Amino acid sequence: MTEPRIVDRLRRDPDAERRALAAGLTATPASIPPKYFYDAVGCALYGAICELPEYYPTRTERAIFAEHRAAIAGALGRGRQFVDLGAGDCGKALQWLPLVAPVRYVAVDFAGDAIGAALAKLAPDFPGVELAGVVTDFTRGLDLDADLTAGPATYFYPGSSIGNFTPSDALAFLRDIRRHCAARPGSGLLIGVDTKKDKARLDAAYDDAVGVTAAFNRNVLAHVNRILGSDFRPEAFAHRGFYAADAGRVEMHLEATAPQRVRLPGATRTFAAGERIHTENSYKYAPSEFAAMLAAAGFADVRCWQDAHGDFAVFHAA
């Protein structure tokens, strides 16, 4: 058994990132990039969100994978490279690795510590698979050419994370994946997509009754305080999560419950009561819309599997 190899391709400029974060908070409207949700507390809260009764995407995708496992595995093929985009703890890929018997498993994520620990746990169970990790922020562009061989690869992007991209950015990202596929004949993409549905269902999924999503959203301010030395009071902001049907997306915001002044690097920002900080978008797609986006990105031979209620869609495109 060989040790997993970790390659750090993350171009870090902490000062520039702090400046960009502060600029977003002094802008009107204010915003925080969603990547700042995921400190240790945020990751734990997100794990709890995925188990909530209101939050259907995780369990629905899991059920689609279980019901159509043989057909999906057949589309993926065996003995390829398996590229796990946004791998995290590698848990979602784990159910596929025994079925597709990859020659290489490449975990790609922003969080190097997380994928390093996950690959170390995988190694004893998959001694014949070359395990590698790539630390990068692929939301800024995907370039894995130096990390892959010329052989075919499956690109795996589950969990409806594609919804965090704007539609134009989602198309650009899919074109990046298609370019990688074209360079490796026989490659394909397996991706999970949340669908458009009743506003009440979507509102509940992003604003649960227990308040876990609210805690997750407010925790971003605690993370920002540590990064910037700011003095946000998370308890002074209310969580707002709702489906904006005209835009085809769920929006998450933090809304000031009273007027307040926040100290930021080199500036002070005043928030009026009711003023919001935009923290996340999650775009939803009808299956026909996403199939058209895959075609526009250059993919062909698109297959789609859904649950009985049409709440979620899993696509394979070659």
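Residues numbered from 1 in each chain as written. Predicted model: local features only at pLDDT ≥ 70, side-chain atom pairs only at ≥ 80, totals over all residues. Heavy atoms only, no water.

**Points about the environment of Gly-248**
Okay, so step 1: With respect to the element layout, Gly-248 can be found in the loop between strand S8 (237-244) and strand S9 (249-256).
Okay, so step 2: Judged by its relative accessible area of 4%, Gly-248 falls in the buried class.
Okay, so step 3: Along the chain, Gly-248 and Val-7 lie 241 residues apart, while their C-alpha atoms are 37 Å from each other.
Okay, so step 4: Beyond its immediate stretch of four places on either side in the chain, Gly-248 contacts Lys-196, Tyr-243, Ser-282, Tyr-283 and Lys-284. (Helix = DSSP H or I, 4+ residues; strand = E, 2+ residues; numbered from the N terminus. Buried < 20%, exposed > 50% of the residue type's maximum accessible area, 1.4 Å probe, protein only. Contact = heavy atoms within 4.5 Å.)

**With respect to the sheet that holds strand S7 (residues 188-194)**
To summarise the sheet geometry, strands pair through backbone hydrogen bonds and adopt either a parallel or an antiparallel arrangement.
Okay, so step 1: In spatial order, the strands read S1-S5-S4-S3-S6-S7-S14-S13; together these 8 strands make up an open sheet with mixed pairing. One side of each edge strand has no neighbouring strand; the edge strands of this open sheet are strand S1 (5-8) and strand S13 (303-306). Sheet twist, expressed as the average angle between the axes of neighbouring strands with direction ignored, equals 15 degrees.
Okay, so step 2: Looking at chain direction, strand S4 (residues 104-109) and strand S5 (residues 130-135) are connected through 6 bridges and run parallel. Each residue of the ladder has a partner; that of Tyr-105, found in S5, is Leu-131.
Okay, so step 3: Its contacts with the sheet place helix H3 (residues 57-67) against strand S6 (153-157), S7, S13 and strand S14 (312-317), and it is angled at close to 50 degrees to S14. (Pairing = 2+ DSSP bridges. Axes fitted to C-alpha atoms, helices over the stretch in contact; angles between N-to-C directions.)

**Quick word on the pairing of S13**
Okay, so step 1: Bridge analysis of S13 against S14 gives 4 bridges, and the strand direction is antiparallel. Bridge pairing in S14 links Arg-303 to His-316.
Okay, so step 2: Taking the residues between adjacent antiparallel strands as the criterion, S13 and S14 are bridged by 5 residues, where Gly-310 takes a positive phi near 70 degrees.

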